[in-house]
Amino acid sequence: MKKRFGRKLLSSLAAVSMATSLVFCGSTGILAAAEEESGTEETLTVAEGEDLKEKYASLAGTTLKIGTGCAQAGWTMDDGTGNPEGMDIDVMNYICDYYGITIEWTVSEYASLWGMLQNGVIDTIANLTTVNDDRLGLYWFTNTYAWESYSIVSRTEDGIPEDGDMTFWDGKTIAGEAGSNATLVLEEVIEQQAENGIIINKLVLDSAAVLIPAVVQKQADAEFQCTSTCAYAVAQSGNGDILHIQDVQWKNMPIVYGWARVESNKEYINAFNDLIELMHEDGTLETFSMKWFDMDVTALPEGEVNYVTTTGDDAWQSYEEE
């Protein structure tokens, strides 16, 4: 994956910590602007010449209940008026606007979104979502629209660890967000390092928005998040001169939309997959990525990758190796 961290980022990070859900209705209507940026035509077709709007005409006028956390830098944040914005949000709005689907947003703590999905409160999650063994058995997923790796943010005054060097963290504390896949990965890293005699302590905090402050205020020695999120959060914190980003050199993870295992969601997933494929091809996804991160997180990365495996009767797959 090509990574280019830029100084110019287009939106500010809002620190959001919500104990209860807030609901917003309606989509943002960004389709025309996104098409202008990416150079796409309003009506897109699949390889065989099918008109996707015609193919999925039954979705027009329907409503999707979508959950997000508004606390994942660059991916899903509060825009300052109580509405979500970010890479996840732009992609979701683009797809729903294209098919004429109305969005009903529900903003809540990330850890509670999966329970809402299981209980039917929401239909899908737009919140830097990836997969793990537990989720594969409980939910369905769209194809991949972006990829992520993991990094650790620490204070430069404590030293500069080399990329991939976990011995540096022996006896230190690394913070993670409650309920996030990143924290599950952190736990895997800690367990693996313990086998080598390296003891790393874990601190779990309620929101991703408080991770950088926890490091700056020395509540923790470091924090663990996705690489693009680390870059965005450090830049927006204004503490780039005192913070260091270390690439953990762990697995690359597919970023997807997670769905409840409800039969009616299959058509949505198929429609999303068809359009995501075209958005990869015509550069729309890369345009959104450059807007939020000044780097392309949408291309298939080099190195080890965790692939989304089959999770439904019609193979809700994502970039399985050919």
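From a predicted model like this one, the values you see are computed outputs, not experimental measurements.

Conventions used here
- Residues numbered from 1 in each chain as written.
- Predicted model: local features only at pLDDT ≥ 70, side-chain atom pairs only at ≥ 80, totals over all residues.
- Heavy atoms only, no water.
- Helix = DSSP H or I, 4+ residues; strand = E, 2+ residues; numbered from the N terminus.
- Buried < 20%, exposed > 50% of the residue type's maximum accessible area, 1.4 Å probe, protein only.
- Polar contact = N/O pair within 3.5 Å; in protein donor to acceptor, adjacent residues only side chain to side chain.
- Axes fitted to C-alpha atoms, helices over the stretch in contact; angles between N-to-C directions.
- Parallel < 35°, antiparallel > 145°, perpendicular 65-115°, else oblique.
- Left-handed = near helix turned anticlockwise from the far one by under 90°.
- Contact = heavy atoms within 4.5 Å.
- Nonpolar A, V, L, I, M, F, W, Y, C, P; charged D, E, K, R; others polar.
- Pairing = 2+ DSSP bridges.
- Phe/Tyr/Trp six-rings, centres within 6.5 Å; stacked < 30°, edge-to-face > 60°.
- Lys NZ or Arg CZ within 6 Å of the ring centre and 35° of its normal.

Draft legend 1. The environment of Lys-291, seen in detail. Mapping Lys-291 onto the fold places it in helix α10 (residues 284–293). Its relative accessible area of 26% is what places Lys-291 among the partly exposed residues. Taking the C-alpha atoms as reference points, Lys-291 and Gly-86, separated by 205 residues in sequence, lie 9.2 Å from one another. A polar atom in the side chain of Lys-291 sits 2.9 Å from the side chain of Asp-90.

Draft legend 2. Examining the packing of helix α3 (residues 87–99) against helix α9 (residues 265–282) more closely. Packing of α3 against α9 leaves a shortest axis separation of 11 Å and a crossing angle of 115 degrees. Classed by the angle they form, the pair α3 and α9 counts as roughly perpendicular. Handedness of the α3/α9 crossing: right-handed. Taken together, the residues of α9 that come into contact with α3 (itself represented by Val-91, Met-92, Tyr-94, Ile-95, Cys-96, Tyr-98 and Tyr-99) are Ala-271, Phe-272, Asp-274, Leu-275, Ile-276 and Met-279. Of the residues that constitute the contact of α3 with α9, the class distribution is twelve nonpolar, no polar and one charged.

Draft legend 3. Representation of the pairing of strand β15 (residues 253–260). Buried residues dominate β15, accounting for eight of its eight residues. Of the two faces of β15, the one holding Met-253, Ile-255, Tyr-257 and Trp-259 and the one holding Pro-254, Val-256, Gly-258 and Ala-260 are both buried throughout. Inspection of the sheet shows strand β8 (residues 139–141) paired to β15 by three bridges, in the antiparallel sense. Bridged to Trp-140 within β15 is Trp-259. Here three bridges tie strand β9 (residues 146–148) to β15, and the two strands are oriented antiparallel to one another. Counted as the bridge partner of Glu-148 is Met-253 from β15.

Draft legend 4. Region of the structure containing the packing of aromatic side chains. For the structure on display, the rule yields eleven aromatic pairs. On the basis of an interplanar angle of 85 degrees and a centroid distance of 5.7 Å, the ring pair of Tyr-56 and Tyr-99 is categorised as edge-to-face. Of this pair, Tyr-56 sits in the loop between α2 (52–55) and β2 (63–68) while Tyr-99 sits in helix α3; the two residues are 43 residues apart in sequence, bridging distant segments of the chain. Side by side, Tyr-56 and Tyr-99 carry an identical accessibility label, which is buried. Ring geometry for Trp-259 versus Tyr-268: centroids 5.9 Å apart, planes at 20 degrees, classification stacked. Relative accessible area serves as the criterion here: at 0%, Trp-259 is assigned to the buried category. An aromatic cluster of at least three residues, connected via ring pairs, comprises Tyr-145, Tyr-257, Trp-259, Tyr-268 and Phe-272. The ring centre of Tyr-98 lies 4.8 Å from the NZ or CZ of Lys-53, which sits over that ring.

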